[in-house]
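Each chain, written out:
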Amino acid sequence: MLNMHGLVLCACAITTMTPLIVASDLPADSDDMTLWYRQPAEKWLHALPVGNGRLGAMVFGGIDRERIQLNENSLWSGGPIDPNNPEALKHLPELRRMLFEGRYVEADEFAKAHSLGTPARVKPYQTLGDLFLEMSAVKEAAEYRRELDLATGICRVRYRVGDARYTREVFASAPDQVIVIRMACDKPGRVSTTVRMTRPGRPVCESVGDSTLVMKGRCDGGEGMAFQARLRVLNEGGKVEASKDSLTIAGADRVTLLLAAATSYRGGDSEADCVKRLASASRESYDALRERSAADVRGHMGRVKLVLAPADDAVKALPTDERLEFVRKGGDDSGLIALYFQMGRYLLLSSSRPGGLPANLQGLWCEEMHPPWNCDYHLNINLQMNYWPAEVTNLAECAQPLVDYLDSLREPGRKTARVHYGCRGFTAHHLSDVWGFTVPADGVWGLWPMGAAWLCQNLLEHYAFGGDRVFLEKRAYPIMKEAAEFLLDFLVEDPQGRLVTNPSHSPENWFLTPEGKKACLCVGATMDLEIVHDLFTNCIAAGEALDVDAEFRAKLAAALKKLAPLQVGRHGQLQEWLVDFEENEVGHRHMSHLYAFHPGNQITLRGTPDLAKAVRASLERRLEHGGGGTGWSRAWVALFWARFEEGDLAADSLKVLLTQSTEANLFDLHPPHIFQIDGNLGGTAAIAEMLLQSHAGEVSLLPAIPKSWPAGSVTGLRARTGLQVDVAWKDGQATSATLKADQDRTCKLRVPRGRSIKSIVSEGRPIEVHSIEDGCASFDARAGRRYELAFQ
Ligand code: FUC
């Protein structure tokens, strides 16, 4: 029993119905890379995730019954369809006229009747099913511990039954493309279990031979995608008996279960795929599989280390759910912030790997057949936010699926551009799926053809961080150019001769018309103008870097000059709309018009101080009226505060994220109680943004360190223009930093607050540092060299 800060934290026996589980009183051996618990998960949101970017599992860690919920990230209901509405285009001129004339309510009704896709919805992503291990003989367990090691991706359950110590390990191997479950005991012949698989919709579940279990079927009542999960038992000692739909292992010393899964999404034979994977994995020893998978995860997770001191050792030694509870009750646990940060990196790595699909609303972990929002791709913030931590936290390759995905939207998006708007180029709206859905959907707020254009920002970010010219030329620029072509055609002149989007909408806030009516569609919502500005500016920069398309660049530049401006409204706020409407929901979770401040950089603290002031007024206004109420929204708030260099306010928002929108397994929550991965990944990006910024043409070390992190260190973060950054601080001030350059460049460095540069040394020699105005210094960096910075 520990007693800290007036809180009593209990390490006593935790009783469940059956069996009795006595929690571990073993030393915690916890660090900021391990989630751990004294009890099995009672519900899905307490289970622990493993994933290899394609296969995912949620491990409950039961004693008498283990549930491992399974996912394969291409398992979606539905199929390719043509949802374009051939009637939409002929109604576009009338819709535009209504909006220019300020007939907003009428326009909403009109658009609802004429402008949406057919159908105006997507089909859901679905669970693959459940794997159950029944160990009914176990009545009582002691020294229970369940943990997830983020450094290796291994989920482990340990407990003692009488004199026997049991260990169960689960991981999803990326190198071997199987989920591996290992059951072991330190006493011979004590591992016994019955293995079953289930899924709603009654797929075929049957044993094949004496050691293989298969679950297979088709989605949508037999009409849809084919899927298969195939499990092979490798027992050491004991025997395996097959019944029709289960396998029973009795008296083994150890058992390894290998699970392969596949779908027909990519056109292959899911059975052949599973058979091949199992055959190959079962030739390996458990130790070899485990080490290969762990080494792969280590190779990614180990790139960044974050230590936030002071973390109270007694608090650090607590299980993760108790640490969270401690913070909920008002305690401070900077180590939990570091753990949350690494959890975000782990979730991205586990749900988005090169060659696969991007992370959906829940990454790839989903236990339902009809999940909230279909567990789809939402392109009006959620999908973009998923990838905000990728570059800065050194997992750039995890963003590759997003590039492939955006590329895959080009063909269907071209048709939507043509059929709905009569435009060239390609577009996507706010909903999408794995079938290439690009049309306006859901309701009138879905009439927002800016989704693809926003996603293009993530493309240029990859180039900005990594400087990969081939990527820029072959992958990013062609997509960006096509998205810009659409917008060049889509923009129209308003009666004052300014270029605007029409129809337009500020996701997902409605406004009050001058008559006091609630309306959705408008002309030139600020976010649209900012996305256009961002994409056109980036296209011009990319075209210049590649020395191509001078004529096209000139067109973009001319359009930028005519684009309606950003404006400051009656509350001193950055206007959300071209007209200074009152918001229908002042504290709305979306803060779309602040896009230019983050993730964009059209507005910066020092570059455009007046607009930055207006951003701050908007942010404060949102917060005063209850904004930041969802996890992702709160993470975005933390990011804004980081860009305002307000470390304490950013830390306050992280605390709200942890205390109000985080489950015991550190999954981010959306009201009422729904897992959404965007908050995790946005929160991770926010922590990185507090440590390092590089969006404003300068590298800023420790721009937003809060008082609650007086000392610490981070290694392996990445900054734009190819820098790897390590930095340490004490008493709230930078003490040293190391920059490793990937490219030859002049490095403009914002000197950390309250410090000056004492020296920069590379390869044992001092480097010439030029002081420039406004608190910055510069030096010439050469590719491949390290620069050691000392501060005073
Ligand atoms: C957007 C948000 C919601 C939710 C959904 C999945 O529509 O407005 O809050 O995150 O996506």
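Higher on the page you've got the structure.
Residues numbered from 1 in each chain as written. Predicted model: local features only at pLDDT ≥ 70, side-chain atom pairs only at ≥ 80, totals over all residues. Heavy atoms only, no water.

Q: Would you mind going over the pattern of salt bridges with me for this structure?
A: A side chain of one charge can pair with a side chain of the opposite charge when the charged atoms of the two come close. Inspection of every chain in the model, using the stated rule, returns 66 salt bridges. Across the salt bridge formed by Glu87 and Lys90, the nearest N and O atoms sit 2.3 Å from each other. For Glu87, a relative accessible area of 37% gives the class partly exposed. Its relative accessible area of 56% is what places Lys90 among the exposed residues. Of the charged contacts, one joins Arg277 and Asp273 as a salt bridge, the two residues approaching to 3.7 Å between their closest N and O atoms. Taken together, the residues Arg277 and Asp273, both in helix H3 (residues 270-281) and 4 residues apart, mark about one turn of the helix. Residue class for Asp273 comes out partly exposed when judged on its relative accessible area of 22%. Connected through shared salt-bridge partners, Arg145, Glu147, Arg156, Arg158, Glu169 and Arg290 make up one network. (Salt bridge = Lys/Arg side-chain N within 4 Å of Asp/Glu carboxyl O. Buried < 20%, exposed > 50% of the residue type's maximum accessible area, 1.4 Å probe, protein only. Helix = DSSP H or I, 4+ residues; strand = E, 2+ residues; numbered from the N terminus.)

Q: Help me understand the environment of Ile674 in this model?
A: Position of Ile674 among the secondary structure elements: in strand S29 (residues 674-675). Among the residues examined, Ile674 registers a relative accessible area of 15% and is labelled buried. Residues Ile674 and Pro372, 302 residues apart in the sequence, show an inter-C-alpha distance of 7.6 Å. Among residues more than four places away in sequence, those in contact with Ile674 are Gln362, Pro372, Trp373, Asp668 and Leu669. (Contact = heavy atoms within 4.5 Å.)

Q: What should I look at first to understand helix H11 (residues 410-421) in this one?
A: Because each turn of an α-helix spans 3.6 residues, side chains separated by three or four positions end up pointing in the same direction. Counted at 1.5 Å a residue, the expected span for H11 with its 12 residues is 16 Å, and the 15 Å between its end C-alpha atoms agrees. When H11 is considered as a whole, its buried residues turn out to be Arg410, Gly413, Thr416, Ala417, Val419, His420 and Tyr421. The secondary structure elements touched by the buried residues of H11 are helix H1 (88-100), helix H10 (400-408) and helix H13 (469-490). (Expected span 1.5 Å × (residues − 1).)

Q: Explanation requested: the nonpolar core in the structure shown.
A: One recurring pattern in soluble globular proteins is that nonpolar side chains are buried together. The biggest cluster of nonpolar side chains holds 241 residues, and the ones touching the most others in it are Leu231, Leu535, Phe536, Leu691 and Trp709. It is H13 that provides the largest number of residues to this core, a total of 12 residues. Looking at this core, you find at least three residues from each of domain 1 (2-77 + 125-298) and domain 2 (712-791). Excluding residues within four positions of it along the chain, Leu691 makes contact with Leu306, Ser700, Leu701, Leu702, Pro703, Ile705, Trp709, Val714, Leu717 and Trp729. The next biggest cluster of nonpolar side chains, apart from the first, holds 13 residues, and it includes Val178, Val180, Ala262 and Ala294. (Core = buried A, V, L, I, M, F, W, Y, C linked by side-chain atoms within 4.5 Å. Domains from an automatic or database assignment.)

Q: I tried to follow the sheet that holds strand S34 (residues 733-741) on my own but got confused; where do I start?
A: Strand order in the open sheet made by the 7 strands is S20-S32-S33-S34-S40-S36-S37, with antiparallel pairing throughout. Lying at the two open borders of the sheet, with one neighbouring strand each, are strand S20 (305-309) and strand S37 (765-766). Across 2 bridges, strand S36 (residues 757-762) lies against S37 in antiparallel orientation. Bridge assignment links Ser762 to a residue of S37, and that residue is Arg765. (Pairing = 2+ DSSP bridges.)

Q: Explanation requested: the pairing of strand S11 (residues 164-173) in the structure shown.
A: Working note: regular strand, side chains alternate between the two faces of the sheet. For S11, a buried count of 8 out of 10 residues is recorded, marking the element as mostly surrounded by other parts of the structure. Note: strand S10 (residues 154-161) against S11, 7 bridges, orientation antiparallel. Looking at S11, one finds that Arg158 is bridged to Thr167. Between S10 and the antiparallel strand that follows it, S11, lie 2 residues; Gly162 among them carries a positive phi value of about 60°. Here 8 bridges tie S11 to strand S12 (residues 178-185), and the two strands are oriented antiparallel to one another.

Q: Is there a simple way to explain the side chain of Asn509 in this structure?
A: Considering the arrangement of structural elements, one finds Asn509 in the loop between strand S24 (499-500) and strand S25 (511-512). Side-chain polar atoms of Asn509 contact the side chain of Glu576, separated by 3.4 Å. In terms of polar contacts, Asn509 uses its side chain to reach the backbone carbonyl oxygen of Glu585, at 3.4 Å. If near-sequence neighbours (up to four positions away) are discounted, Asn509 is found in contact with Glu576, Trp577, Glu583, Asn584, Glu585, His588 and Arg622. (Polar contact = N/O pair within 3.5 Å; in protein donor to acceptor, adjacent residues only side chain to side chain.)

Q: Sorry, what's going on with the layout of surface pockets here?
A: The gaps of empty space that remain are located by a probe, the size of a water molecule, rolled over the atoms. In this model, the largest pocket occupies a volume close to 670 Å³. Along the wall of the largest pocket there are 32 residues; nearest its centre are Leu460, Glu461, Ala464, Asn601 and Arg720. Secondary structure elements with two or more residues in the lining of the largest pocket: helix H12 (451-466) and helix H14 (526-546). A total of 8 residues in the lining of the largest pocket trace back to one element, the largest contributor, which is H14. Lining the second largest pocket are 31 residues; nearest its centre among them are Tyr387, Glu391, Asn458, Glu461 and His462. At the level of secondary structure, the elements contributing two or more residues to the lining of the second largest pocket comprise helix H9 (388-392), H10, H12, H13, helix H17 (631-643), helix H19 (677-691) and strand S30 (692-693). Here the lining of the second largest pocket takes 6 residues from H12, the largest share from any one element. The residue makeup of the lining of the second largest pocket, split by class, is 15 nonpolar, 8 polar and 8 charged. (1 Å grid on protein atoms, 1.4 Å probe; cavity = no way out; pocket = protein on both sides within 12 Å on 5 of 7 lines; lining within 4 Å. Points joined across faces, edges and corners; volume = space filled by probe spheres on them. Nonpolar A, V, L, I, M, F, W, Y, C, P; charged D, E, K, R; others polar.)

Q: I'm lost on the site of the ligand in this one. Help?
A: In the region of the ligand, the neighbouring residues are Leu361, Trp373, His378, Asn382, Glu508, Arg589, His590, Trp632, His670 and Gln676. Glu508 is positioned such that a nitrogen or oxygen atom in its side chain is 2.3 Å from an oxygen atom of the ligand. A distance of 2.6 Å separates an oxygen atom of the ligand from a polar atom in the side chain of His670. Protein contact buries 98% of the 290 Å² of open area that the ligand shows by itself. (Near = heavy atom within 4 Å. Areas by Shrake-Rupley, 256 points an atom, 1.4 Å probe, with all protein chains shown as cover.)

Q: Can you help me understand the packing of aromatic side chains in this one?
A: Two aromatic rings are characterised by how far apart their centres lie and by the angle between their planes. Counted by the stated rule, this structure contains 25 aromatic pairs. Judged by centre distance (4.7 Å) and plane angle (50°), the ring pair of Tyr377 and Tyr405 falls under tilted. Of this pair, Tyr377 sits in strand S21 (residues 377-378) while Tyr405 sits in helix H10, and the two are 28 residues apart along the sequence. The same class applies to Tyr377 as to Tyr405, namely buried. Taken together through their ring pairs, the aromatic side chains of Trp44, Trp365, Phe667 and Phe675 make up a single cluster. The ring of Tyr37 carries the charged tip of Arg146 above its face, separated from the ring centre by 4.5 Å. (Phe/Tyr/Trp six-rings, centres within 6.5 Å; stacked < 30°, edge-to-face > 60°. Lys NZ or Arg CZ within 6 Å of the ring centre and 35° of its normal.)

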